[in-house]
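Observations on the model geometry
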There are 2 protein chains.
Amino acid sequence: MAAPSPPTAPDPCNCSHTASPAGLDAIFSPQSVAVVGASNRPESVGRSVFKNIIDGDFSGTIYPVNLKARSVCGVRAYPSLSAIPDPVDLAVVIVPAAQTPAVAREAAAKGVRGLIVISAGFREVGPAGAAIERELEEICHAHHIRLIGPNCLGLINTDPEVRLNASFARRTANPGNIAFISQSGALCTAVLDFAAKKNMGFSKFISVGNKADIGELALIRHLHEDPQTKVIMMYVEELRHGFEFIETVREITGGANPTPILVIKSGRTAEGAQAASSHTGSIAGSESVYNALFQQAGVFRVQTIEELFDYALAFGNQPLPRSNRIAIITNAGGPGIIATDVTIHSGLQLAGFSPETTEALRRHLPSTANIHNPVDVIGDARSDRYRDALSAVLNDDNVDGVIFILTPQSMTEIEATAQVIPPLARASGKPVVASFMGLMDVSGGAEILARNGIPHYHFPETAARAMSALYRHAKWIQREHHREFEPKVDHPRARRIIDRALAREQRYLGEVEGNEILAAYGFPVLPARLATTPEEAAAAVNEFGPCAFKIVSPQIVHKSDVGGVRVGIATPEEAARVYGEMVRTVTRNRPDAEITGVYAQQMATAGVEVILGINRYRLFGPLLMFGLGGIFVEIFKDVSFRLAPIRYNGARFMVRSIQAYPMLAGARGAAPCDVEELEHCLLRLSALATDNPEIAELDINPLMVHAKGGGCSVADCRILLDPNRSCPKPSPGSESAAESR
Amino acid sequence: MAAPSPPTAPDPCNCSHTASPAGLDAIFSPQSVAVVGASNRPESVGRSVFKNIIDGDFSGTIYPVNLKARSVCGVRAYPSLSAIPDPVDLAVVIVPAAQTPAVAREAAAKGVRGLIVISAGFREVGPAGAAIERELEEICHAHHIRLIGPNCLGLINTDPEVRLNASFARRTANPGNIAFISQSGALCTAVLDFAAKKNMGFSKFISVGNKADIGELALIRHLHEDPQTKVIMMYVEELRHGFEFIETVREITGGANPTPILVIKSGRTAEGAQAASSHTGSIAGSESVYNALFQQAGVFRVQTIEELFDYALAFGNQPLPRSNRIAIITNAGGPGIIATDVTIHSGLQLAGFSPETTEALRRHLPSTANIHNPVDVIGDARSDRYRDALSAVLNDDNVDGVIFILTPQSMTEIEATAQVIPPLARASGKPVVASFMGLMDVSGGAEILARNGIPHYHFPETAARAMSALYRHAKWIQREHHREFEPKVDHPRARRIIDRALAREQRYLGEVEGNEILAAYGFPVLPARLATTPEEAAAAVNEFGPCAFKIVSPQIVHKSDVGGVRVGIATPEEAARVYGEMVRTVTRNRPDAEITGVYAQQMATAGVEVILGINRYRLFGPLLMFGLGGIFVEIFKDVSFRLAPIRYNGARFMVRSIQAYPMLAGARGAAPCDVEELEHCLLRLSALATDNPEIAELDINPLMVHAKGGGCSVADCRILLDPNRSCPKPSPGSESAAESR
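Residues numbered from 1 in each chain as written. Chains lettered and ligands numbered in written order. Predicted model: local features only at pLDDT ≥ 70, side-chain atom pairs only at ≥ 80, totals over all residues.

The subject of this paragraph is the overall build of chain A. Helix and strand counts for chain A come out as 24 helices and 30 strands. For chain A, the spread of C-alpha atoms along the three principal axes comes to 95 × 80 × 40 Å. Sorting the 741 residues of chain A into buried and exposed places 55% on the buried side. In chain A, 73% of the contacts between residues at least 6 apart in sequence involve partners at least 24 apart. (Helix = DSSP H or I, 4+ residues; strand = E, 2+ residues; numbered from the N terminus. Buried ≥ 20, exposed ≤ 12 C-beta atoms within 10 Å, placed from the backbone. Contact = placed C-beta atoms within 7 Å.)

Turning our attention to unusual backbone geometry. With omega at 0°, the peptide bond leading from Gly149(B) into Pro150(B) counts as cis. In this fold, Pro150(B) is placed in the loop between strand E7 (146-148) and strand E8 (154-157). A cis geometry characterises the amide bond from Ala644(B) onward to Pro645(B), with omega recorded as 0°. For Pro645(B), the position within the fold is in the loop between strand E27 (639-643) and helix H22 (648-656). Positive phi, normally seen in glycine, also occurs at Asn257(A), with a value near 50°.

It is common to give the size of an interface as the accessible area lost on bringing the parts into contact. On the side of chain B, 64 residues touch chain A, which itself brings 64 residues to the contact. Those elements that place two or more of their residues in the side of chain A that touches chain B are helix H5 (185-198), helix H8 (270-280), helix H10 (305-317), helix H11 (333-345), helix H21 (631-634) and helix H23 (661-665) of chain A. Classifying every residue of the side of chain A that touches chain B by side-chain character gives 28 nonpolar, 23 polar and 13 charged. (Nonpolar A, V, L, I, M, F, W, Y, C, P; charged D, E, K, R; others polar.)

Residues and elements named next belong to chain A. Where burial is concerned, most of strand E10 (residues 175-182) is hidden: seven out of the eight residues are buried. In the sheet, E10 pairs with strand E11 (residues 202-207) via six bridges, with the strands oriented parallel. Looking at E11, one finds that Ile178 is bridged to Phe202. As for the winding sense of the linkage, the β-α-β connection from E10 through H5 to E11 is right-handed. (Pairing = 2+ DSSP bridges. Right-handed = clockwise from strand over helix to strand, strands pointing away.)

All names here are of chain B. Sheet architecture is open: seven strands sit in the order E9-E8-E11-E10-E12-E13-E14, paired in mixed fashion. Two strands bound the open sheet, and with one partner strand each, they are strand E9 (164-167) and strand E14 (300-302). Recorded for the sheet is a direction-independent mean angle of 20° between the axes of neighbouring strands. Examined bridge by bridge, E8 and E9 share four bridges and lie antiparallel to one another. Each bridged residue has a counterpart across the sheet, and for Leu155 the counterpart in E9 is Ala166. (Axes fitted to C-alpha atoms, helices over the stretch in contact; angles between N-to-C directions.)

So, on to helix H17 (residues 491-503) of chain A. Residue and element names in this part refer to chain A. With 13 residues, H17 ought to run about 18 Å at 1.5 Å a step, and its terminal C-alpha atoms sit 18 Å apart, in line with that. Lining the buried residues of H17 we find helix H18 (511-520), helix H24 (675-691) and strand E30 (717-721). Note on H17: the residue one or two positions beyond its end, Glu505, has a positive phi of about 55°. (Expected span 1.5 Å × (residues − 1).)

Okay, the relation of the copies chain A and chain B next. You can overlay chain A on chain B at an RMSD of 0.1 Å; the transform is a turn of 180° with a shift of 0.0 Å along its axis. Both copies of the chain, as the preceding transformation shows, are related through a two-fold rotation axis. Across chain A, the rotation axis passes nearest the C-alpha of Phe636(A), at a separation of 4.5 Å. Residue by residue, 100% of the interface of chain A is reproduced at the interface of chain B, so both copies engage with the same surface. (Least-squares fit on C-alpha atoms with pLDDT ≥ 70 in both.)

If you look at the biggest cluster of nonpolar residues, it comprises 441 residues, and the most contacted ones within it are Val92(A), Ile329(A), Val92(B) and Ile329(B). Here Ile329(B) is in contact with Val375(B), Val377(B), Tyr386(B), Ala389(B), Leu390(B), Val393(B), Val402(B), Phe404(B) and Ile405(B), once residues within four sequence places are set aside. (Core = buried A, V, L, I, M, F, W, Y, C linked by C-beta atoms within 7 Å.)

Residue and element names in this part refer to chain B. Packing of helix H11 (residues 333-345) against helix H16 (residues 460-477) leaves a shortest axis separation of 8 Å and a crossing angle of 30°. The orientation of H11 with respect to H16, classified from their angle, is roughly parallel. Helix-helix and strand crossings are classified by hand; for H11 and H16 the assignment is right-handed. The segment H11 lies against H16, with Pro335, Ile338, Ala339, Val342 and Thr343 engaging Pro460, Glu461, Ala463, Ala464 and Arg465. Considering only residue class, the contact of H11 with H16 consists of seven nonpolar, one polar and two charged. (Parallel < 35°, antiparallel > 145°, perpendicular 65-115°, else oblique. Left-handed = near helix turned anticlockwise from the far one by under 90°.)

Attention now moves to the sheet that holds strand E23 (residues 565-569) of chain A. The pairing of strands in a sheet happens through backbone hydrogen bonds and is either parallel or antiparallel. All names here are of chain A. One open sheet holds the four strands; their spatial order is E21-E24-E22-E23, and the pairing between them is antiparallel. Each end of this open sheet is capped by a strand with a single partner; those strands are strand E21 (528-531) and E23. Taken pair by pair, the neighbouring strands of this sheet meet at an average axis angle of 20°, ignoring direction. Docked against the sheet, helix H19 (residues 534-544) engages E21, strand E22 (547-552), E23 and strand E24 (597-602), running at close to 5° with respect to E24.

Residues and elements named next belong to chain B. Looking at the secondary structure, you find Leu406 in strand E18 (residues 401-406). Since 31 C-beta atoms lie within 10 Å of it, Leu406 is described here as buried. On a C-alpha basis, the gap between Leu406 and Lys204 in space is 33 Å, while along the polypeptide they are 202 residues apart.

On to the pairing of strand E30 (residues 717-721) of chain B. All names here are of chain B. Taking every second residue as pointing to the same face, the buried face of E30 carries Cys717, Ile719 and Leu721, while none of Arg718 and Leu720 on the other face is buried. By the bridge criterion, two bridges tie strand E20 (residues 508-509) to E30 in an arrangement that is antiparallel. Paired with Leu509 across the strands is Ile719, a residue of E30. Note: strand E28 (residues 695-705) against E30, five bridges, orientation antiparallel. Across the sheet, residue Ile695 finds its bridge partner in E30, namely Leu721.

Turning our eyes to something else, we now look at the environment of Ala416(A). Residues and elements named next belong to chain A. Looking at the secondary structure, you find Ala416 in helix H14 (residues 414-428). The class for Ala416 is partly exposed, based on 15 C-beta atoms found within 10 Å. A sequence separation of 345 residues divides Ala416 from Ser71, and the C-alpha atoms of the two residues are 54 Å apart.

The next point concerns the environment of Pro527(B). All names here are of chain B. Topologically, Pro527 is positioned in the loop between helix H18 (511-520) and strand E21 (528-531). In this structure the C-alpha to C-alpha distance between Pro527 and Val289, which are 238 residues apart in sequence, comes to 35 Å. If near-sequence neighbours (up to four positions away) are discounted, Pro527 is found in contact with Phe544 and Gln602.

Here you go:
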């Protein structure tokens, strides 16, 4: 089920290297691999990589390339790529950075279609390295060679038809259905080590290094099509795609045949970001940008490496629940209570059982058992009692999933109980996660669970959280798509104002020009007029009713500081008088200022004050912000973010996800506000941000949201232009292409 | 350093069974133990317990009591306690619940001083069981026998002079310095299992069961004095002490020679609480009461069993940091970034190094290393480079603790690096926590760390969180004690009003009487007067300036609904007129109501509106609430709680811990409010709540907090009395003892 195409085109200036979905075959299913820099020297990376490919039982042919050695690990070696008599699909490169461009050129000549450059010494070491990296990347790009790295650990592909371990990892990956993409090589090593112990298997294991060519997005596209991959986990320090990432990944995580993606993104705090920048030369993205990006793409962000494992285990092995009504089965009260707490706390609810289920439990369990949820089969339960309870609750239509808890007690049959779960779980089509508590006594049972695809956690809390992760993903997939709203926009009108300002090197636009731009995008701007005489001021009040007057002068930004703001001017007489007073006062306070006139604008009627904003990021384009004004932004930081463009769903989310939403929905007996019109304003904001890359920052503060049906009014706005953002390429489909130049 | 005694006495009605600090010797260091119900039957609890004591190499003498058997496990048995020829200190009881009172009576006759009743079938099974439990408890109480249980797993004491495993746990505890108190027996089993695997040792391991006599408080007192115990961890479903728990435990966690206490309290959510109540018949406490209780007592609440372990490991082995400036040492960028993120996120900061440290790092590390914090010794670091880096940062006065990260890479010396840490850490007196990432390759290193008291975690995030836990405890111990403020109170005056209301069975007090009570406790109540004629109303305005008028009638609660509220009455003439109008309007709307008069109160001047409240809980006494009024309470739930009585520190905390505190401190250029006077009001509230148990609920809403130096004004209040709370015993030291009867 494809989503409709986005309402507005992506920021045309935000052009970055686009990774194509195709072309990774040479990387992931090569028939022949050359290892340039393969070596016999013990402990060298060149030897590690070559040994790993040999030991990994690669299904194709492998060619060591070494200038001097006749053979590497007994395999006939060649002095160069070109000396290899057969075609080569993929070259793994472990030579000093400075030599890699030459190797890439040779590879191009040889017809190689994929490179994995393991060598370090590129962007991460400074400008000189960055130049080499750019050269390498340009060669690859020109010759249609796809490139992993440089500065990476390599990759492991457990596909039984390929079996390629082209990495220098100490340990290999067992086959499985989890793909792992990591921006940190060292983390790869640690993750492989954990996974081995936990019996977790991987379909693909990719260290992306500096991502000169292939980054997360290209890999996600490829892995989504990979029949071996059921879930993707990623460690990310920075991403380099905004809009494209969202548009593509949203379909992968939440479209037909969805692939869940779990991410741990580090560099969250200011200090963390600094470390990231000294580490791989990443530009640390702001936290809110990344959160918006991941939410919009349906990527599940976790906070710790452990969660990455815990949730991948569940996603890799269990179906998603239809909804959030969970049953807990336990043989001990305490752990059942703890699991209940976490269950509720993570957005799940305890299922209420049908009378049939309750009756079945009553029949099978002793009288001291708890036949309500959480079901307590009591400490002396053997496997049959567990089986009866599990069978009963899985059969209940009110139950969407089960958390199964066992504590080792004297009568407990650990292995036999473990064997009860898999067939019942599979037959039900519902997710079951288990916690056999303890590390030693329960290990036999835990192994049976692992072998049979039942996620097993040491603690019931973790089991409950994993179930909640499954549910949240189900909710994302099932999300409702609301009817789109297409704002009517007069882009040429907005462009004229922006171009005029830029032509006179004006960066700051106050509300006179700001309102004109907003009006061009259909914002509910209050009637206003620039008055240049007392008579015109009087006429404005006559026409609009009570007005606010603000001085207009290119030299004056902070109008109220110089006596340039007056509100509530009710009559034409007052208007004429105030006009004169204001011009005199401002002239006295700022003799240097050239006064254009007085901006007379209708007073806004009552409403809830909200703030709408745009902030533009180099790699990600415009970030939209929404929140209630004043202290709610400044003290409570109660705002929501989305990267533009957004659709109706995005606007709804922005409005509904702030904590203060009840104030708009009509809390405390107040009348509900015109939320729909507010959502429309957010869609206008999105279009404005997307169409006009020169708008670096914009604040509508406040927008008054009136009672339901009453619409909204822009009460004040300011815009900051960035002349360098003015785009050489017109926005596709924009009528104003010629005009705007 | 003992804290000053509390400013006001505890709620005298909140009397529960007081556990004395003494008297646990028979439980923890018995010379002789009888096992009543010891059995030869395989898999029986009576056999398990007896075998555990024998196998545990108990240092004293053990006597099986069994009606029929000649011997149990080869040890000479006796048909009854009284048949034992020697004195018995402690009896472990595993007989059906109904027989336990008889056993207790026999134990009393025999001079036994401690009982551990393992048997189930008491309070947890319903009223009949509860009656037996009460009987058992009364017998013990009457004969000064201390009792653990009933319905528990027993206890384990690893003290080398005692060595008593009086439990039916499958597995015993290794000696160590962690004490564990658990309200769930099943959790005990799982915890022992984990601990065995993690090489964690326990000083005492106590399953408290139904806590008929000995509960957490008595045990905490005992364990604080126990030289083997360095940290206490608890699993709690409900506590039965409020004030006493706080007063005692605060000194234990934060006084001289502090013992840190970690708690996991379950039954957090509504559903969780329900499960708790069906489990051990606990009365589920409200979440905010428990949070206040733990915070006031300096007890560290964790959310998961895993955190309990993680933090206990740190507290048991490492000193507390002086402050929060942490250094991170890593051999890999990614994990260093992740650790940095969590470090900052958990309230720690990255230490800035002194020039000497930076110089030392520059000298010892390769040029590609990061010599700033987080220190990256680079992937090829061997143990010497790690040692040099660790030594340099530990020597820096700007560093309060170190997080040490290792990822296994090809050159990494795992064991040798582990050996580097303990001597340097010990010599520095600063806490060091480590994460050797991976489960298998690093196990040798992890074992060296464990043996040498360096807390080791699989993930750097966990290491950072554990360090943060140490810091938060250090901060609690070092907290500043502010000068106390003793509110001047006229308790007899307040009592007279309460007694008068109760005498006429009035439960709800409006602001006429409410203000009188508040005034008696020194609250800044606005001048007001009950006017019964238009002339008196006019006189009030004449005297006080602009007033608010509110109708006074015992039948009318919602005054504004019947036209009984008018504000801003500025002149005596207006006052006389409004008086007449109001009486007429109210009479028309509520002909049934008897009108006492009109309450004329000075209008409050501008200020920030806050709410102060009291809500009383059966077991814990009065809970004080503070927050900003209106939406801040209702939508943001931005409030703070403390159990009364509080001291100045508590009042400060309440005011400062709400998110909106900047609004009081003077955010956005506004003038700061009179926070000091607000704190005084909270102390008055505490005194009022503590002195007058009949006040079930109280709201001061709003209290206007004026600009600094301008004080506060009570603008409205309501009080709900509970006649059943009226206390037979006067508050100690209260002058009104006689009068208030």
